[in-house]
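Coordinate analysis (summary)
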Amino acid sequence: MATTAAMTTTVDDSARDRAQAAAERAAIDASCRGPVLFFAASAIVWLLVGSLLALLASVKLHTPYLLTASPELTFGRVRMAHLQAMGYGWLSLATVAALLWQMCRLSRAELVYPKLLILAGVLWNIGQFLAVVGIILGDATSVEWLEAPAYAPPFFIAAVGIISAWTVAVFRRRREPHVYVTQWYILGAIFWFPWLYLVAQFMIFWSTAVGVVQPIVNWWFGHNVIGLWFTPVAVGTAYYLIPKIIGRPIHSYYLSIIGFWSLALFYSWAGMHHLIGGPIPGWLSSASTVGSMMMLIPVLAVAINHHMTMRGHFHRLRYSPALRFTVFGAIAYTLVSVQGSFEALKDFSEVTHFTHYTVAHAHLGVYGFVTMIMFGLFYYMVPRLTGREWASSTLIRVHFWCAAVGIAIYFAGLSIGGWWQGRMLNNPNVPFAHIVNYTLPYLFSRSIAGTLMTAGHLAFTVLFVMNVAGWGQQRAGGPTFFVEPPSASLSGPQRIGPRDL
Amino acid sequence: MDRGMVIFLGALFTFSSSWLGLIVFPFQQLGHEQPYQKSDSDDPYPQPLQGIAVAGKRVYQANGCMYCHSQQVRSQRFGNWWDDNGEERTGADIKRSWGLRRTVSRDYLYDNPTMLGTMRTGPDLANIGVRNPSAMWHHTHLLNPRSANPWSIMPSFPYLYKREKIVGDRSEKALLLGREWTVHPGYRWRPTPQQWDELLRERGATILRQVLASAPTETFDLTTADGQKRLLDFWLTTPEEDYQIVPTADGEALVAYLLALRKAEVPLPEAKE
């Protein structure tokens, strides 16, 4: 097996080859531009909607009188709408933008019939709109991660069908013989997600899985939608971006393959740890505890691989926005996954289950890891699609620090508050009133964190709108850096050679 | 073999393993559970929801109660703490009187959806119908939880109630709450000092009469600020004369559902520990 040919081959660097490769890349990017930017733009719209809903829910939890007379904006509905907006709006649509573009780039194949993909995007957005508005108006299902009322899923299913088919079509038309690890992850994700979603919808809403089989299916889905849909694409994106930006091949091909297959095997077994202590057969949660512990294998494989690739290049985090977001996400991936493995242990879960600790963990995953990597990808990808650089490095800096400090406060506050909440819930001598009062300052810290994160998202939106509207410089003189790097050595991508995708 | 095929088959195999193991197998195993009937004269347990409780479940779903309330009682052996003598103890759920025993899969036989919940911002509700069978308490609590527990962070649900002018007699369903909770349903009302001065000027005698009717042993010196404030505090706890708060159909259904939540009550052989 050729070692990461795409990234390493130092083929002759003749100007003609490079010009040809650049022309090929430009053609591929041009074919993706419409659909990918459409998915990216609608992802950002949902990111904003989700952030506002999040902020409202967060404040309501420590200030219960805020808008309390409004049925539409009662905590429960806002909380569910937030999850839908973020999970299926922002995260999923960003994931689709990421996987389409990377699949085209890595396969060296143009996107055919891009209009149908736009149709998929429109369908998805209709479903998404129906889901959020339906929940707000009182049609929610109260099945976590699947709150969307029954009229939304058909749109998602149609859209996912088109997206999966197109991704496979691009892959089958590939001109690049080597299949890079990112493509493995993408192919896995576009296969797993539709299956997961269909099984969950079917068993929970359309057939008669009642009783405790429902939460079993529910958490098999809820856990896997993160592990087998967002995670593979985000990890794959880090595998793509880090070598691209620092201009150096991935450390170990074999580690990346071990990482992929062990993720595929173990992650899907891990979901039942959400039900530890619940009324399900004991062997189910034990099986998932084992699966969760085994997850250390893929996580450490990816962590070592990314770290070794970055070694000696960490100073570049000072310059490259895309790299900084991506590496932040990659580090958060290691942290959140190791934490998750231990949370699946019974002794640990006894304390943290049913508390805000779990909420902190979930956000370290979907925000610290997935969202940050998606931001990184957008900073890298959008200029290549629009032909314009980012208009302001200051705004990027604002975005980064708001997001990074925001998630840090979020995680720290709810982890500490949640841990002690759990300890006190386990002690029947502690009155419930005391627990509620105890958590208030931590819930308040979450609102501060949420305000910061939302401010960051606004900066990001302004940048994106300016870029698409043609406000930035033409892309000629290299990317927008936080500060100019000392030498031209950072322009890695151009240096790898014509086969660089 | 084509690389795409390898990935496809591998992804199929790994994923199917968990689908078979975690979904299909438990589905088979649990699919045949039957209600429990100790003797022929006993009613089988559990019973499906009946009457308006079914609609109440919809209200519970629509308003996301599950995101703050679980519905499962965990085992005697679950979770630990140390008592005053430094001894390690376990099983807080039952000691908090959230149920007489742990809940098991059979308790959920007819639940659809099964709202086990993942968060305990509020207490567990698996057994709330047994723990607190008073419909009136639930109504006053839902209208504004702070009327029952001042420290509560549960949202008010005033939209499950309506405030209406009393025609004829006060309705039997009217909530028994002082005017501080009913003037602005969902919020806590208190007149500003100016409003209170005005109220005293306009209807001082009536207000005093109303208060003395419910607290005949009290005396109020209305020439002092302190006496006026005490009168206000008392007056706020008396019901409004012309208006009443009654549950809407949704409100009644929701409380019927809460009262039907009686898991962890009937003993089940498999729940013994």
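Residues numbered from 1 in each chain as written. Chains lettered and ligands numbered in written order. Predicted model: local features only at pLDDT ≥ 70, side-chain atom pairs only at ≥ 80, totals over all residues. Heavy atoms only, no water.

Here the focus is the overall build of chain A. Within chain A, the secondary structure is distributed over 16 helices and zero strands. Against the compact-globule benchmark of 23 Å for 501 residues, chain A has a radius of gyration of 22 Å, which places it among compact chains. For chain A, the spread of C-alpha atoms along the three principal axes comes to 75 × 45 × 45 Å. A total of 501 residues make up chain A; the buried ones form 65% of that total. The contacts in chain A between residues at least 6 apart in sequence include a share of 85% that link residues at least 24 apart. About 16300 Å² of surface is accessible on chain A, with carbon and sulfur atoms providing 70% of the total. Across chain A, 29 positive and 17 negative side-chain charges occur, with their mean positions spaced 5 Å apart. (Helix = DSSP H or I, 4+ residues; strand = E, 2+ residues; numbered from the N terminus. Rg over C-alpha atoms; globule rule 2.2 N^0.38 Å. Buried < 20%, exposed > 50% of the residue type's maximum accessible area, 1.4 Å probe, protein only. Contact = heavy atoms within 4.5 Å. Areas by Shrake-Rupley, 256 points an atom, 1.4 Å probe, with all protein chains shown as cover. Lys, Arg positive; Asp, Glu negative; His and termini not counted. Charge placed at Lys NZ, Arg CZ, Asp CG, Glu CD.)

Glancing now at the pattern of salt bridges. Once the charged atoms of two side chains with opposite charge are near each other, the side chains can pair. Residues and elements named next belong to chain A. For the coordinates displayed, the defined rule picks out 25 salt bridges over all chains. With a closest N to O distance of 3.1 Å, Arg108 and Glu24 form a salt bridge. Of this pair, Arg108 sits in the loop between helix H3 (75–107) and helix H4 (114–136) while Glu24 is found in helix H2 (residues 15–62), placing the two residues 84 residues apart along the sequence. Here Arg108 and Glu24 have matching classes, each one buried. With its nearest N and O atoms 3.2 Å apart, the salt bridge here joins Glu176 to Arg108. A residue pair is termed long-range when its members are at least 10 positions apart, and Glu176 in the loop between helix H5 (153–172) and helix H6 (181–206) and Arg108 in the loop between H3 and H4 qualify at 68 residues. Neither residue differs from the other here; Glu176 and Arg108 are each classed as buried. Salt bridges linked by common partners bring Glu24, Arg108, Glu110, Arg175 and Glu176 together as one network. (Salt bridge = Lys/Arg side-chain N within 4 Å of Asp/Glu carboxyl O.)

Let us now look at the interface of chain A and chain B. How big an interface is tends to be reported as the loss of accessible area on association of its parts. At the interface, 91 residues of chain A touch 78 residues of chain B. Where chain A abuts chain B, roughly 7100 Å² becomes buried across the two surfaces, and 67% of that area is made up of carbon and sulfur atoms. For the chain A face of the interface with chain B, the top three residues by lost area are Tyr65, Phe354 and Phe432 of chain A, together amounting to 11%. At the boundary of chain A and chain B, one finds zero salt bridges. (Buried area = accessible area lost by both parts, 1.4 Å probe.)

With that settled, consider unusual backbone geometry. Residue Pro46 of chain B is reached from Tyr45 of chain B by a cis peptide bond, and omega for that bond is -5°. Backbone geometry places Phe354 of chain A, a non-glycine residue, at a positive phi of 70°. Mapped onto the secondary structure, Phe354 of chain A falls in the loop between helix H12 (346–352) and helix H13 (356–386).

As a further point, take the confidence of the model for chain B. Scored by pLDDT, chain B has a mean of 94; 100% of the residues are at 70 or more. Two numbers describe this predicted complex: its pTM, 0.94, and its ipTM, 0.95. (pLDDT = per-residue confidence, 0-100.)

The topology assignment puts Tyr65 of chain A in the loop between H2 and H3. A relative accessible area of 26% means that Tyr65 of chain A is categorised as partly exposed. Sequence-wise, Tyr65 of chain A and Leu275 of chain A are 210 residues apart; in three dimensions their C-alpha atoms are separated by 32 Å. Beyond its immediate stretch of four places on either side in the chain, Tyr65 of chain A contacts Asn144, Arg146, Ser156, Trp181, Gly186, Tyr187 and Arg188 of chain B. At a separation of 3.3 Å, a polar atom in the side chain of Tyr65 of chain A contacts the side chain of Arg146 of chain B. (Polar contact = N/O pair within 3.5 Å; in protein donor to acceptor, adjacent residues only side chain to side chain.)

To continue, consider the environment of Trp196 of chain B. Examined against the element boundaries, Trp196 of chain B turns out to sit in helix H7 (residues 193–214). The spacing of Trp196 of chain B and Phe157 of chain B is 39 residues in sequence and 28 Å in space, taken between C-alpha atoms.

Attention now goes to the pairing of strand E4 (residues 243–247) of chain B. Residues and elements named next belong to chain B. Among the five residues in E4, four count as buried, and that is most of the element. Sheet topology places strand E3 (residues 161–165) next to E4; five bridges connect them, and they run antiparallel. Bridge pairing links Tyr161 to Pro247 in E4. (Pairing = 2+ DSSP bridges.)

Turning next to the domain arrangement of chain B. Residue and element names in this part refer to chain B. Domain boundaries assigned for chain B yield domain 1 (52–161 + 250–271) and domain 2 (180–238). Taking the mean C-alpha position of each, domain 1 and domain 2 sit 37 Å from one another. Across the boundary between the two partners, domain 1 contributes six residues, which contact five residues of domain 2. When domain 1 packs against domain 2, close to 440 Å² is buried across both sides, 67% of that on carbon and sulfur atoms. (Domains from an automatic or database assignment.)

Note on aromatic pairs: each is described by the distance of the centres and the angle between the planes. Residue and element names in this part refer to chain A. Applying the stated criterion to the full structure yields 48 aromatic pairs over all chains. Taken together, a centroid distance of 4.4 Å and an interplanar angle of 10° make the contact between Phe193 and Trp229 stacked. Residue Phe193 is found in helix H6, and its partner Trp229 is found in helix H7 (residues 213–246); the two are separated by 36 residues along the sequence. Judged on exposure class, the residue Phe193 and its partner Trp229 are both buried. An angle of 75° between the planes, with centres 6.4 Å apart, marks the rings of Tyr367 and Phe375 as edge-to-face. (Phe/Tyr/Trp six-rings, centres within 6.5 Å; stacked < 30°, edge-to-face > 60°.)

Here we come to the nonpolar core. Soluble, globular proteins show a tendency: their nonpolar side chains are buried together. Formed by 198 residues in total, the largest nonpolar core has its most connected members in Trp90, Trp124 and Phe378 of chain A. Looking at this core element by element, the count peaks at 21 residues for H3 of chain A. In terms of nonpolar packing, the next biggest core, distinct from the first, is built from 12 residues, Val183, Leu199, Ile207 and Leu232 of chain B among them. (Core = buried A, V, L, I, M, F, W, Y, C linked by side-chain atoms within 4.5 Å.)

With that settled, the discussion passes to H3 of chain A. Residue and element names in this part refer to chain A. Compared with the 48 Å implied by 1.5 Å per residue over 33 residues, the 46 Å span of H3 between its first and last C-alpha is a close match. At Ser92, H3 shows its maximal bend, which comes to roughly 30°. Of all 33 residues in H3, 32 are buried, a share of seventy percent or more. Directly after H3, the chain includes Arg108, whose backbone phi takes a positive value near 50°. (Expected span 1.5 Å × (residues − 1). Bend = angle between axes of the 7 residues up to and from the residue.)

Here we come to a nonpolar patch on the surface. Together, Leu198, Phe202, Phe205 and Trp206 of chain A give the surface a local cluster of nonpolar side chains, amounting to about 390 Å² of exposed area. Judged by its relative accessible area of 46%, Phe202 of chain A falls in the partly exposed class. (Patch = residues over 30% accessible without salt bridge, like charges linked within 9 Å, V, L, I, M, F, W, Y side chains within 5 Å.)

A few words now on the packing of H7 of chain A against helix H11 (residues 321–343) of chain A. Packed helices, taken two at a time, are described by the angle their axes make and the gap between the axes. Residue and element names in this part refer to chain A. Here H7 crosses H11 at 135°, and the two axes come no closer than 10 Å. Relative to H11, the element H7 lies oblique. The handedness of the crossing between H7 and H11 comes out as left-handed. Here Thr231, Val235, Ala238, Leu241, Ile242, Ile245 and Ile246 of H7 lie close against H11, whose contacting residues are Ala322, Leu323, Thr326, Val327 and Tyr333. For the contact of H7 with H11, the per-class residue count stands at 10 nonpolar, two polar and no charged. (Axes fitted to C-alpha atoms, helices over the stretch in contact; angles between N-to-C directions. Parallel < 35°, antiparallel > 145°, perpendicular 65-115°, else oblique. Left-handed = near helix turned anticlockwise from the far one by under 90°. Nonpolar A, V, L, I, M, F, W, Y, C, P; charged D, E, K, R; others polar.)

What follows covers H4 of chain A. With 23 residues, H4 of chain A extends 33 Å from end C-alpha to end C-alpha; this agrees with the ideal 33 Å at 1.5 Å per step. Two residues or fewer past H4 of chain A, Gly138 of chain A is found with a positive phi of approximately 105°.

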